[in-house]
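# Architecture and fold: a report
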Amino acid sequence: MRFPVLQMDKLLVSVIIPAYNSANVISDTLESALNQSYVNVEAVVVDDGSTDGTRKVVEGYTGTGKVKCYRQENAGPGAARNSGIRFAQGDFIAFLDADDSLTRDSIEKRVALITEAKDLELVYSNYFIKWSNDSVNARFGEDYPDKRDCLVRQWPHGVVFEGCPADIFEIPFDFWTAAVLVDRKLLDRTGPFRTDISIGEDRDMWIRLALNAGKIGYVKTPVATYNRSRNSLTGQDSVRYSIARRDLNHHFLEKYGTSIQGKKPRKVIHEKLSWVYYDLGKHYRNNGMMGRAIGNFLKSIYFSPKNDLPYKEIASSVLPRGLRDRIKRTVNRHD
């Protein structure tokens with residue numbers, strides 16, 4: 001269903017697309033950005049030092065007048081997005097990775113909410129996840145907004161979360177790049193993406209944007225598709241990815257764990273760290289490194305004692321298999 005225009009067609013939206021060796025996927029990405037029901041859109045592609053034919057593919061679209069292509073030496077996704085923002089002409093900025101795609105009404109849905117809700121500068125949305133077996137599911141369920149602790153205001157095209165920094169701190173952990181739309185003025189106040197890290201620079205930005213915005217819009221219907229099977233860093237090097245997540249969350253703990261009133265931010269970050277250490281423990285266990293595995297499971301418990309999975313992993317690691325089977329049979333008889 002098409003949304004009413006609401007005087008929003010005059011607002012230019014710039015879609016920032018960092019690209020590195022993306023020649024085989026970026027056509028689909030650009031097509032999804034150009035074929036929007038909301039027509040006042042430009043795509044700003046920053047070729048981050050590609051060595052394949054990425055630039056040639058993108059230049060094939062520049063004749064439309066809606067695609068700009070810039071090239072820089074390889075500097076990482078944060079630097080590429082910063083360059084794209086500098087070149088962008090839009091009133092609002094959206095982001096899209098070179099191997100993902102937008103639904104046809106993606107921009108229209110988000111602009112509709114950001115236009116109707118007074119002083120709203122930041123919107124994120126539900127999105128689809130496409131797995132390696134080609135199955136697709138929505139990231140969040142219908143009851144997702146009801147699970148937030150902050151004030152929730154209903155609007156025709158979505159909801160708006162409001163509250164003190166501690167109340168909204170958890171929300172940007174649910175942001176995903178292609179589901180975000182932000183007012184250019186809020187970006188200017190917040191500052192650029194970090195360029196000193198290669199993993200998590202987006203999460204760092206989402207938190208800063210949310211805390212500066214004070215309220216956050218959410219569109220319930222999915223607006224983009226995250227192709228989990230393509231170029232996934234988690235699949236390429238799970239240890240590197242988990243260690244980067246660990247270090248970033250420790251940074252968040254140091255920066256926000258005591259600076260924002262209340263215990264909520266610290267609890268949120270502790271839960272994230274618990275899952276990071278759990279993932280590391282699973283990796284080391286699967287590779288026969290039991291000492292490291294148990295050490296990480298213990299750290300997982302330290303940061304979230306209510307997380308029962310690391311307890312089970314430790315038990316299954318130290319108990320003889322025969323005893324584990326006997327316990328399992330006993331439990332099953334009592335169920």
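This text goes with the structure placed above it.
Please read these numbers as outputs of a predicted model, since none were measured by experiment.

## Here we look at the nonpolar core
Within the largest apolar cluster, 65 residues are counted, with the highest numbers of intra-cluster contacts made by Val13, Leu30, Phe95, Ile107, Leu122 and Tyr124. Other than its neighbours up to four places away in sequence, Leu30 contacts Ile17, Ala43, Val45, Val58, Tyr61 and Val67.

## A word on the packing of aromatic side chains
With the rule as written, the count across this model stands at 22 aromatic pairs. When the ring of Phe193 is compared with that of Trp206, the centres are 5.9 Å apart and the planes differ by 80°; the resulting orientation is edge-to-face. Taken together, the residues span a long stretch of sequence, with Phe193 in the loop between α6 (184-190) and α7 (201-213) and Trp206 in helix α7 at a distance of 13 residues. The rings of Phe95, Tyr124, Tyr127, Phe140, Tyr144, Phe161, Phe175, Trp176, Phe193, Trp206, Tyr218 and Tyr226 are connected pair by pair, giving a single aromatic cluster. In this structure, Arg81 packs its charged tip against the face of Phe193, placed 5.5 Å from the ring centre.

## Considerations on the sheet that holds strand β5 (residues 101-102)
Spatial ordering of the open sheet is given by β5-β13-β7-β8, a layout of 4 strands whose pairing is mixed. Each having just a single partner strand, β5 and β8 (136-138) make up the two edges of the open sheet. Here strand β7 (residues 128-130) runs beside strand β13 (residues 224-227); their pairing, made up of 3 bridges, is parallel. By the bridge assignment, Ile129 is partnered in β13 with Tyr226.

## Examining the sheet that holds strand β6 (residues 122-125)
On the basis of which strands lie adjacent, the open sheet formed by 9 strands has the order β3-β2-β1-β4-β11-β6-β12-β10-β9 and mixed pairing. Strand pairing shows two members of the sheet lacking a second neighbour, β3 (67-72) and β9 (151-155), which therefore form its edges. Within the sheet, the average angular offset between the axes of one strand and its neighbour, ignoring direction, is 25°. Looking at chain direction, strand β4 (residues 92-95) and strand β11 (residues 181-183) are connected through 3 bridges and run antiparallel. Paired with Ile93 across the strands is Val182, a residue of β11. Packed onto the sheet, helix α1 (residues 26-34) meets β1 (13-19), β2 (41-48) and β3 and runs at close to 155° relative to β2. Across the face of the sheet, α7 comes into contact with β4, β6, β11 and β12 (215-219) while running at roughly 130° to β6.

## Focus on the pairing of β9
Pairing analysis gives 5 bridges linking β9 to strand β10 (residues 158-162), with the strands arranged antiparallel. Among the inter-strand pairings, Trp155 is bridged to a residue of β10, identified as Gly158. In textbook terms, the turn of a hairpin is the stretch between consecutive antiparallel strands, and for β9 and β10 this stretch comprises 2 residues.

## Considerations on the pattern of salt bridges
What the rule picks out here adds up to 21 salt bridges. The partner of Asp47 in a salt bridge is Arg71, and the shortest N-O contact between them spans 2.9 Å. One end of the pair, Asp47, is in strand β2; the other, Arg71, is in strand β3, with 24 residues separating them in the sequence. Between Asp204 and Arg194 there is a salt bridge; the shortest N-O distance is 3.9 Å. Of the two residues, Asp204 sits in helix α7 while Arg194 sits in the loop between α6 and α7, which places them 10 residues apart along the sequence. Here the residues in one salt-bridge network are Arg194, Asp196, Asp204 and Arg208, joined through shared partners.

## Observations concerning unusual backbone geometry
Not every positive phi belongs to a glycine, and Asp119 is a case in point at roughly 65°. As for its position among the elements, Asp119 is in the loop between α4 (106-116) and β6. In this structure Asp119 comes out as exposed when scored by relative accessible area, which is 58%. Notably, Asp134 is not glycine yet its phi reads approximately 75°, a positive angle. Residue class for Asp134 comes out exposed when judged on its relative accessible area of 55%.

## Some details on the state of the cysteines
Counted according to the given criterion, the structure contains 0 disulfides. With no disulfide of its own, Cys164 lies closest to Cys150 among cysteine sulfurs, the gap being 9.2 Å. Accessibility expressed as a relative area gives 27% for Cys164, which makes it partly exposed.

What counts as what
Residues numbered from 1 in each chain as written. Predicted model: local features only at pLDDT ≥ 70, side-chain atom pairs only at ≥ 80, totals over all residues. Heavy atoms only, no water. Core = buried A, V, L, I, M, F, W, Y, C linked by side-chain atoms within 4.5 Å. Buried < 20%, exposed > 50% of the residue type's maximum accessible area, 1.4 Å probe, protein only. Contact = heavy atoms within 4.5 Å. Phe/Tyr/Trp six-rings, centres within 6.5 Å; stacked < 30°, edge-to-face > 60°. Helix = DSSP H or I, 4+ residues; strand = E, 2+ residues; numbered from the N terminus. Lys NZ or Arg CZ within 6 Å of the ring centre and 35° of its normal. Pairing = 2+ DSSP bridges. Axes fitted to C-alpha atoms, helices over the stretch in contact; angles between N-to-C directions. Salt bridge = Lys/Arg side-chain N within 4 Å of Asp/Glu carboxyl O. Disulfide = S-S within 2.5 Å.

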